[in-house]
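# Descriptive structure summary
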Amino acid sequence: MAPLCRTSAEITIFAPFNPKYNQKPQGAQKSGCWKILLMESVLIIGAAGQLGSELTLALAEIHGGEQVIATDSNPKSLEKFDCCKTQVLDVMDDAAVRRLVKSESVTQIYHLAAVLSATGEKNPLFAWRLNMDSLLSILELSKEENLDKIYGPSSIAVFGPNT
């Protein structure tokens, strides 16, 4: 299915203007009812993995490709995404993540970057840094920037062989 080219959702509300998400139409009164554009900016960290590959396509269809930023540490892996914006990003580079969140006015993050158990057992310190420290950094950033949504889905890899 081809991605739906849509960049916003239009709704009618009774609410004050919120500059984080929308622009008040010219001629609109200070309060009352007017149509606004809800602009979500979705950052997917680890977009080229198993979960991210499918999720990125679905989010681009829902929010529009201009509102979705697929990131991964491997530049080659991002070539498969022609439905949205892409950027190389190392999730362990806190400053780079922060710059991207601010420059793109990100409102929600899908944190999918992770080391699976087989690799993690060989290098547990790296696995901890990528899996846990990066999650903590994302959560702190979301609190500081007042982001709307943070998703940190898990996979079957978190369960042991007997579960």
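What this report covers is the structure whose coordinates are included nearby. Numbering of residues starts from 1 in every chain and runs along the sequence as written. In view of the model being predicted, local features appear only for residues whose pLDDT reaches at least 70, and side-chain atom pairs are presented and counted only at 80 or more, with totals across whole chains, interfaces and linings using the full set of residues. Computation of side-chain values: all heavy atoms of the structure, hydrogens and water removed.

### Describing a negative patch on the surface
Together, Asp90, Asp93, Asp94 and Asp133 make up a negatively charged patch on the protein surface. Counting from the N terminus, the helices are DSSP H or I runs at least four residues long and the strands are E runs at least two residues long. Here Asp133 shows up in helix H4 (residues 124–145). What goes into a patch is any residue over 30% in relative accessible area without a salt bridge, connected to like charges within 9 Å or, for nonpolar side chains (Val, Leu, Ile, Met, Phe, Trp, Tyr), within 5 Å. The accessible surface values rely on the Shrake-Rupley method and a 1.4 Å probe; as for residues, cover is taken only from the protein chains in view. A side-chain nitrogen of Lys or Arg and a carboxyl oxygen of Asp or Glu constitute a salt bridge if their distance falls within 4 Å. The convention is simple: Lys and Arg are positive, Asp and Glu are negative, and His and the chain ends are not counted. Lys charges are placed at NZ, Arg charges at CZ, Asp charges at CG and Glu charges at CD.

### A look at the side chain of Gln108
Take Gln108: it is sitting in strand S6 (residues 108–111). Burial status follows relative accessibility: with a 1.4 Å probe on protein chains alone, a residue under 20% of its type maximum counts as buried, one over 50% as exposed, and anything between as partly exposed. Judged by its relative accessible area of 2%, Gln108 falls in the buried class. Polar contacts, as used here, are pairs of N or O atoms within 3.5 Å; protein pairs need one atom able to donate a hydrogen and one able to accept it. Residues neighboring in sequence count only if both atoms are side-chain atoms. For Gln108, the side chain forms a polar contact with the side chain of Glu40, separated by 3.0 Å. A polar contact of 3.5 Å, which involves the side chain of Gln108, links it to the side chain of Tyr110. Should any heavy atoms of two residues lie within 4.5 Å, those residues are considered in contact. Beyond its immediate sequence surroundings of up to four residues, Gln108 is in contact with Glu40, Ser41, Val42, Leu43, His63, Lys149 and Tyr151.

### Notes on helix H1 (residues 50–63)
For H1, with 14 residues, the first-to-last C-alpha span of 21 Å sits near the 20 Å given by 1.5 Å per residue. Listing the buried residues of H1 in full gives Gly52, Ser53, Thr56, Leu59, Ala60 and His63. On its buried side, H1 packs onto strand S3 (42–45), strand S4 (68–72) and S6. Immediately downstream of H1, the backbone of Gly64 shows phi near 95°, a positive value. Expected helix span is computed as 1.5 Å times (number of residues minus one).

### What to know about the nonpolar core
A general trend in soluble globular proteins is that nonpolar side chains are found buried together. Residues belong to one nonpolar core when they are buried, are Ala, Val, Leu, Ile, Met, Phe, Trp, Tyr or Cys, and are joined through side-chain atoms within 4.5 Å. Judged by nonpolar contacts, the single largest core of 18 residues is most densely connected at Leu43, Ile45, Val101 and Ile109. Elements that contribute at least two residues to this core include exactly S3, helix H2 (94–103) and H4. Once you skip the residues sitting within four places of it in the chain, Ile45 turns out to touch Thr71, Leu89, Val91, Ile109, Tyr110, His111, Leu112, Ala113 and Ile138.

### Notes on unusual backbone geometry
In this model, Ser105 sits at a positive phi of 50°, which is unusual for a non-glycine residue. Within the secondary structure layout, Ser105 lies in the loop between H2 and S6. Backbone geometry places Asn146, a non-glycine residue, at a positive phi of 55°. By secondary structure assignment, the location of Asn146 is in the loop between H4 and strand S7 (149–151). Under the relative-accessibility criterion, Asn146 is labelled exposed at 54%.

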